[in-house]
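Architecture at a glance
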Amino acid sequence: MVEKLENTTGKWSYLDNKYWLILPIFTFLILSIETIIHNNPISFCVDDAWITIANAELILHGGMDNYGNTIPSGATSSVHLFLVTLLAPLFGGPQASFLLGVVCAALYAVGLWRLLFSVCRSPFLSACGTVVGLLASLTWWQLMNGLETGLAMAAVAWAAYFLQSQRNRPLAFLIGAMPFIRPELSVLSLFLIFYLSWTLRHNFSEIVKLISSLLSVAIVLGILTWYFTGHIISPTAAAKAAYFNEVQPNFNKRLTLAFNFVTESRLSYFLAGMVMLPTLRGGWIYLAYFIVFLIVSAITLPVALFHNEYRYLYTFVPFGLLGWCTMATYARQIVPVFAIVMVCVAMIFPTQGWVDYLAATNWNRAQKPVAEWAEQNLPDGARILIHDAGYFGWHSRYVATPPRKFVIIDVVGLKTPSAIHYHEQITAPSRGQDRWKAVDRIARDNMVQYAIIANVGFWGDIEQYLRRAGWTVELIYPNRVGYQIFKLTPPQK
């Protein structure tokens, strides 16, 4: 571990003032209060958040959702799903998910503070790093997106802290849980297991205890995941890989694209700090995990790094900040730079990070009138093609009075697993060129009558896919900057 920053005398003595802790506490409180005020009614940055909420309702109330599923589907994180399910009876589904987001953000902030302090022993550097870790780019957007991103960021921060502070037992428990928080954290778990086994190779009994601890958590979560969802590994990654894979199979091009997404994410300056990680205890683990993550992303689906405002990259923010903090510990001359960076990030946040957060939540909040119009004007049994499978499926089943008995088909496959087959057979091999054929087959085989399509960019192409396949597409709910509803008539055979 890096030695303590020598700041106990002279001009560096102010760095030992524990009152610096007020900065991240104040920042978090202001962010939380403003977020609570804005969320009336509650909204999320990503429509997929409502998939988890609807899945929690399905676990609690049973029956069948409007996609024809009797068990939860379309959610990646079983731990996040279980936590929302536990909180939902007390607060309601949306409130439970929102509250969990705030709690995970707090856990992330505390874990980040403790991680940074465990390395530099400087309240000043730890405070600056934690504030930057809350405000940088779209971090708050990701923490409050309604998905498991904040939970994953908290898990990564605490895992790194436990490793640096040599708290092996809680680290073992966390290692067992991480694969069920986000699947790619399985790689980090494997690296941590290898590291602990190597460092404790002369203490076999301790290795057995740690392995038993992590297996006890993993087995319990694995059984619960299989029991409630019917699988241990979520098929959501397969659905996205088939639908979105448009890049040619040249590995160099795919790796270059993945790297470009990292540099375009507005996180590259923060993530650059990871070059210092090998100087820390087990620091090579974090850097190796990032490299493996980048390579696997390039092989499977490099464009996923771009999805939902680069959300998969945000789990590496604690590692990047840890690296920069380590550098400042070695070179005291750059300590004032931390203050400058913190001030700059805080000044930029209201005009960038916060504005983007408001825009995303307002966009998703605008789904309510669309859902209400459909519930009032479409008949029971209407077969509806959709691509954002969260809010509309939840609202029509659990909010509408009485609940509407729609048959909804998710064209991507998150909530309609049968759609994955079409994209694996048609979309993926053609690198997206024949996606319109897969959409046509899904629409035909499911005898769809209506479609709800966002009037934006990539998703708006679905309307053109249907027209290209010969469908009659009639706009019945126009919406210039949001979701539109179409009546569909299949092509004449």
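Whatever comes next refers back to the structure up there.
Quantities reported herein were computed from a predicted structural model and do not represent experimental measurements.

**Details of the pairing of strand β5 (residues 483–489)**
Counting buried residues along β5, 5 of its 7 residues qualify, which places the element largely inside the surrounding structure. Sheet analysis places strand β3 (residues 450–454) next to β5, joined by 5 bridges and oriented antiparallel. Note on β5: the bridge partner recorded for Ile 453 is Gln 484. Two elements, strand β4 (residues 472–477) and β5, share 5 bridges in a ladder whose sense is antiparallel. Its bridge partner lying in β5, Leu 475 is registered against Phe 486.

**Here's the deal with the nonpolar core**
In globular proteins that are soluble, nonpolar side chains generally tend to be buried together. Membership of the largest hydrophobic core comes to 165 residues, with the highest contact counts inside it found for Trp 140 and Phe 319. With sequence-adjacent residues up to four places away left out, Trp 140 is seen in contact with Phe 28, Leu 31, Ser 32, Thr 35, Ala 105, Leu 134, Phe 349 and Trp 354.

**Describing empty space enclosed by the protein**
Applying the stated criterion to the full structure yields 5 cavities of 30 Å³ or more. Taken as a whole, the largest cavity encloses approximately 110 Å³ of empty space. Gly 74, Ala 75, Thr 76, Leu 147 and Glu 148 are the residues nearest the centre of the largest cavity, which is lined by 14 residues in total. At the level of secondary structure, the elements contributing two or more residues to the lining of the largest cavity comprise α2 (49–61) and α11 (236–244). Broken down by class, the residue content of the lining of the largest cavity amounts to 4 nonpolar, 6 polar and 4 charged.

**Quick word on the sheet that holds β5**
If you walk across this open sheet you meet the 5 strands as β2-β1-β3-β5-β4, and the pairing is mixed. Only two strands of the sheet have a single neighbouring strand rather than two, namely β2 (407–410) and β4. For this sheet, the mean inter-axis angle between neighbouring strands, taken without regard to orientation, is 30°. Note: strand β1 (residues 383–386) against β3, 3 bridges, orientation parallel. Its bridge partner lying in β3, Ile 386 is registered against Ile 452.

**Observations concerning a nonpolar patch on the surface**
A cluster of nonpolar residues, Leu 21, Ile 25, Leu 29, Ile 33 and Ile 37, forms a patch on the protein surface that exposes about 450 Å² of accessible area. By the secondary structure assignment, Leu 21 is in the segment before α1 (22–38). On the basis of relative accessible area, Leu 21 is assigned to the partly exposed category, the value being 31%.

**Considering the packing of α2 against helix α4 (residues 93–120)**
Two elements in contact, α2 and α4, have axes separated by 9 Å at closest approach and are oriented at 125°. With respect to their mutual orientation, α2 and α4 come out oblique. Remark: the crossing between α2 and α4 carries right-handed chirality. Packed against α2, whose contacting residues are Trp 50, Ile 53 and Glu 57, the element α4 presents Gly 93, Pro 94 and Ser 97 at the interface. In terms of residue class, the contact of α2 with α4 is made up of 3 nonpolar, 2 polar and 1 charged.

**Things to note about the side chain of His 423**
Relative to the assigned elements, His 423 resides in helix α21 (residues 418–427). Engagement of the side chain of His 423 in a polar contact is seen with the backbone oxygen of Val 411, the distance being 2.7 Å.

**Some remarks on the pattern of salt bridges**
One pass over the full model with this rule turns up 11 salt bridges. Note that Glu 184 and Arg 182 form a salt bridge whose closest N and O atoms lie 2.5 Å from each other. Using a relative accessible area of 16% as the deciding quantity, one classes Glu 184 as buried. A salt bridge links Asp 380 to Arg 404, with the shortest nitrogen-to-oxygen separation between them at 3.0 Å. Highlighted residues: Asp 380 in the loop between α19 (367–377) and β1 and Arg 404 in the loop between α20 (391–398) and β2, separated in sequence by 24 residues. Beyond isolated ion pairs, a larger network of salt bridges with shared partners links Glu 148, Arg 182, Glu 184 and Arg 311.

**Some points on the layout of surface pockets**
Approximately 960 Å³ is the volume attributed to the largest pocket. For the largest pocket, the lining is made up of 29 residues, of which His 307, Asn 308, Glu 309, Asp 388 and Trp 459 are closest to its centre. Sorting the residues of the lining of the largest pocket by element identifies α11, α15 (307–310), α18 (353–365) and α23 (457–468) as the ones contributing at least two each. A total of 4 residues in the lining of the largest pocket trace back to one element, the largest contributor, which is α18. Every residue lining the second largest pocket is counted, 22 residues in all, and those nearest its centre are Arg 182, Glu 184, Ala 237, Val 296 and Thr 300. Only α11 and α14 (283–300) provide two or more residues apiece to the lining of the second largest pocket. Considering each element in turn, the lining of the second largest pocket owes the most residues, 6 residues, to α14. For the lining of the second largest pocket, a count of residues per class yields 13 nonpolar, 6 polar and 3 charged.

**Remarks on unusual backbone geometry**
Asn 40 connects to Pro 41 through a cis peptide bond whose omega is 5°. Within the element layout of this structure, Pro 41 appears in the loop between α1 and α2. Across the junction of Thr 401 and Pro 402, the peptide omega takes the value -5°, indicating a cis bond. Of note, Pro 402 is situated in the loop between α20 and β2. A positive phi angle is found at Arg 121, which is not glycine, with a value near 55°. Relative to the elements of secondary structure, Arg 121 occurs in the loop between α4 and α5 (123–135).

Rules and cut-offs
- Residues numbered from 1 in each chain as written.
- Predicted model: local features only at pLDDT ≥ 70, side-chain atom pairs only at ≥ 80, totals over all residues.
- Heavy atoms only, no water.
- Buried < 20%, exposed > 50% of the residue type's maximum accessible area, 1.4 Å probe, protein only.
- Helix = DSSP H or I, 4+ residues; strand = E, 2+ residues; numbered from the N terminus.
- Pairing = 2+ DSSP bridges.
- Core = buried A, V, L, I, M, F, W, Y, C linked by side-chain atoms within 4.5 Å.
- Contact = heavy atoms within 4.5 Å.
- 1 Å grid on protein atoms, 1.4 Å probe; cavity = no way out; pocket = protein on both sides within 12 Å on 5 of 7 lines; lining within 4 Å.
- Points joined across faces, edges and corners; volume = space filled by probe spheres on them.
- Nonpolar A, V, L, I, M, F, W, Y, C, P; charged D, E, K, R; others polar.
- Axes fitted to C-alpha atoms, helices over the stretch in contact; angles between N-to-C directions.
- Patch = residues over 30% accessible without salt bridge, like charges linked within 9 Å, V, L, I, M, F, W, Y side chains within 5 Å.
- Areas by Shrake-Rupley, 256 points an atom, 1.4 Å probe, with all protein chains shown as cover.
- Salt bridge = Lys/Arg side-chain N within 4 Å of Asp/Glu carboxyl O.
- Parallel < 35°, antiparallel > 145°, perpendicular 65-115°, else oblique.
- Left-handed = near helix turned anticlockwise from the far one by under 90°.
- Polar contact = N/O pair within 3.5 Å; in protein donor to acceptor, adjacent residues only side chain to side chain.

These results come straight from atomic positions and should not be treated as a statement about function.
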